[in-house]
Amino acid sequence: IILDSELAVQLMPYEPDLEGIDDPKERARRKDKLRAQVLDEMIAEQLIIEAAAAARLEEISSKEVDQIIADTKSDNKLDDATFQQALAAQGVTLAQYRQNVKRQLTRVRAMKMLVAPKVNVADEEVRAQYDQMVRRSDAVSQVRLAHIQLTLPERPTDAEVAAARAKAGAIVTRVRGGEEFGKLAAEFSDDANTKTSGGELGWIERGTLDPAWEQVVFGMEPKEVRGPVAGPRGLEVFYVTETKRTEMKPFEKMKDQIKGELQQRNMQKQTTTWIDELRRKAYVEVKL
């Protein structure tokens, strides 16, 4: 049995965030959703506790619980009095907290003894993951970018657009002919913030530009110019000074880390499968 009062205790840490939602209907909707999620987690935990008991796993000792509490107080620089005050502020007694710690440790032990043995990562999987990471690292991750902005009115005429395009085309031709992009930016760019610094925008990472721009810019090589490209203020001419690619360490230095990450990922999948199996075998009735 999971009591409504136990669920209320688990929901208490979320109350301040819920109270910050002004709309009563949205607050109620979020609370109902959170209530269902937390209850679902509590049911899963109870099934794991019962599975641990059925498997006759060694019970968590008081000494182990004491150590976790001591570590928590030490990490947060709390003495006994302030620790109990912190618990009280969350509506939790020391006895309830000890029981929660014991359940969490039981869950960890159950995962280690009942789930982890089912998780295996072959050397071939590690190598395949590394090869995939190498392929990804070949893509440009950052570009050092400069631009020349040719501003257009909010509703430009066809003639104004054509003139700006011709101007941008001429700039591109001059850069490709060997003229310095920075000097042309100082002469032609309408961006007052960058024209005096050669149109310099600095290092740009993937995911920080408009998708249409990113497709253009991250397909460019160093010292390459492209344009015109449509922008919110008119037309753009882009120039890439340098590019950076993700550097990969040799396989021998990465394999242990990759194997650990694959094991963790597989552990999560196996845990979900295991809990689903426990649910199918159990009878669960929610009366809220």
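First things first, this report covers the structure right here in the doc.

Reading guide: rules and limits
Residues numbered from 1 in each chain as written. Predicted model: local features only at pLDDT ≥ 70, side-chain atom pairs only at ≥ 80, totals over all residues. Heavy atoms only, no water. 1 Å grid on protein atoms, 1.4 Å probe; cavity = no way out; pocket = protein on both sides within 12 Å on 5 of 7 lines; lining within 4 Å. Points joined across faces, edges and corners; volume = space filled by probe spheres on them. Helix = DSSP H or I, 4+ residues; strand = E, 2+ residues; numbered from the N terminus. Nonpolar A, V, L, I, M, F, W, Y, C, P; charged D, E, K, R; others polar. Salt bridge = Lys/Arg side-chain N within 4 Å of Asp/Glu carboxyl O. Buried < 20%, exposed > 50% of the residue type's maximum accessible area, 1.4 Å probe, protein only. Core = buried A, V, L, I, M, F, W, Y, C linked by side-chain atoms within 4.5 Å. Contact = heavy atoms within 4.5 Å. Phe/Tyr/Trp six-rings, centres within 6.5 Å; stacked < 30°, edge-to-face > 60°. Lys NZ or Arg CZ within 6 Å of the ring centre and 35° of its normal. Axes fitted to C-alpha atoms, helices over the stretch in contact; angles between N-to-C directions. Parallel < 35°, antiparallel > 145°, perpendicular 65-115°, else oblique. Pairing = 2+ DSSP bridges.

1. Observations concerning the layout of surface pockets
Empty space among the atoms can be located by rolling a probe the size of a water molecule over them. By volume, the largest pocket is sized at about 790 Å³. Every residue lining the largest pocket is counted, 28 residues in all, and those nearest its centre are Val9, Gln10, Gln96, Asn100 and Gln104. Listing elements by their share of the lining of the largest pocket, those giving two or more residues are helix H1 (4-11), helix H3 (24-54), helix H5 (80-89) and helix H6 (94-115). For the lining of the largest pocket, the element with the highest residue contribution is H6, accounting for eight residues. Looking at the lining of the largest pocket residue by residue, the class counts come to 14 nonpolar, nine polar and five charged.

2. A short note on the pattern of salt bridges
Under the counting rule described, the total for this entry stands at 16 salt bridges. Measuring nitrogen to oxygen at the nearest pair gives 3.9 Å for the salt bridge that ties Glu15 to Lys31. Within this pair, whereas Glu15 is found in helix H2 (residues 15-19), its partner Lys31 is found in helix H3, the two being separated by 16 residues in sequence. Note on Glu15: relative accessible area 24%, which makes it partly exposed. In this structure, Arg279 engages Asp40 in a salt bridge whose closest nitrogen and oxygen atoms are separated by 2.8 Å.

3. Remarks on the nonpolar core
Of all hydrophobic cores here, the largest spans 20 residues; its most connected members are Leu7, Val38, Ile48, Trp274 and Leu278. Counting only elements with at least two residues in this core, the list comes to H1, H3, H6 and helix H11 (251-281). No other element matches H3, which puts ten residues into this core. Among residues more than four places away in sequence, those in contact with Leu278 are Leu47, Ile48 and Ala51.

4. Things to note about the packing of aromatic side chains
Overall, the coordinates contain four aromatic pairs when judged by the stated rule. Summarising the aromatic geometry, the rings of Phe83 and Tyr97 are spaced 5.4 Å apart at their centres and angled 80 degrees between planes, so their arrangement reads as edge-to-face. Pair noted here: Phe83 is in helix H5 and Tyr97 is in helix H6, with a separation of 14 residues, a long-range link. Here Phe83 matches Tyr97 in class, with each residue buried. Ring geometry for Tyr130 against Phe251: centres 5.3 Å apart, planes inclined by 70 degrees, an arrangement best described as edge-to-face. In this pair, Tyr130 sits in helix H7 (residues 123-137) while Phe251 sits in helix H11, placing the two residues 121 residues apart along the sequence. Positioned above the aromatic ring of Trp203, the side-chain terminus of Lys244 is 4.4 Å from the ring centre.

5. Notes on the packing of H3 against H11
Helix-helix packing: each pair is described by the crossing angle between the helix axes and the interaxial distance. Across the interface, H3 lies against H11 with an axial gap of 10 Å and an inter-helix angle of 85 degrees. In this view, H3 runs roughly perpendicular relative to H11, as classed from their interaxial angle. Between H3 and H11, the contacting residues are Asp40, Ile43, Ala44, Leu47, Ile48 and Ala51 on the first element and Trp274, Ile275, Leu278 and Arg279 on the second. In terms of residue class, the contact of H3 with H11 is made up of eight nonpolar, no polar and two charged.

6. Points about the environment of Ser189
Considering the arrangement of structural elements, one finds Ser189 in the loop between helix H9 (181-188) and strand S2 (200-205). By relative accessible area, Ser189 is classed as buried at 2%. With 92 residues separating them along the chain, Ser189 and Tyr97 place their C-alpha atoms 64 Å apart.

7. Brief notes about the sheet that holds S2
Reading across from one edge, S2-S1-S4-S3 is the order of the four strands in this open sheet, with antiparallel pairing throughout. If you trace the sheet from one side to the other, it starts and ends with S2 and strand S3 (224-231), each paired once. For this sheet, the mean angle separating the axes of adjacent strands, direction not counted, is 35 degrees. Where strand S1 (residues 140-151) lies against strand S4 (residues 234-245), eleven bridges are found, and the strand directions are antiparallel. What sits directly across from Gln142, in S4, is Lys244. Its contacts with the sheet put H9 on S1, S3 and S4, and the angle it makes with S1 is roughly 35 degrees.

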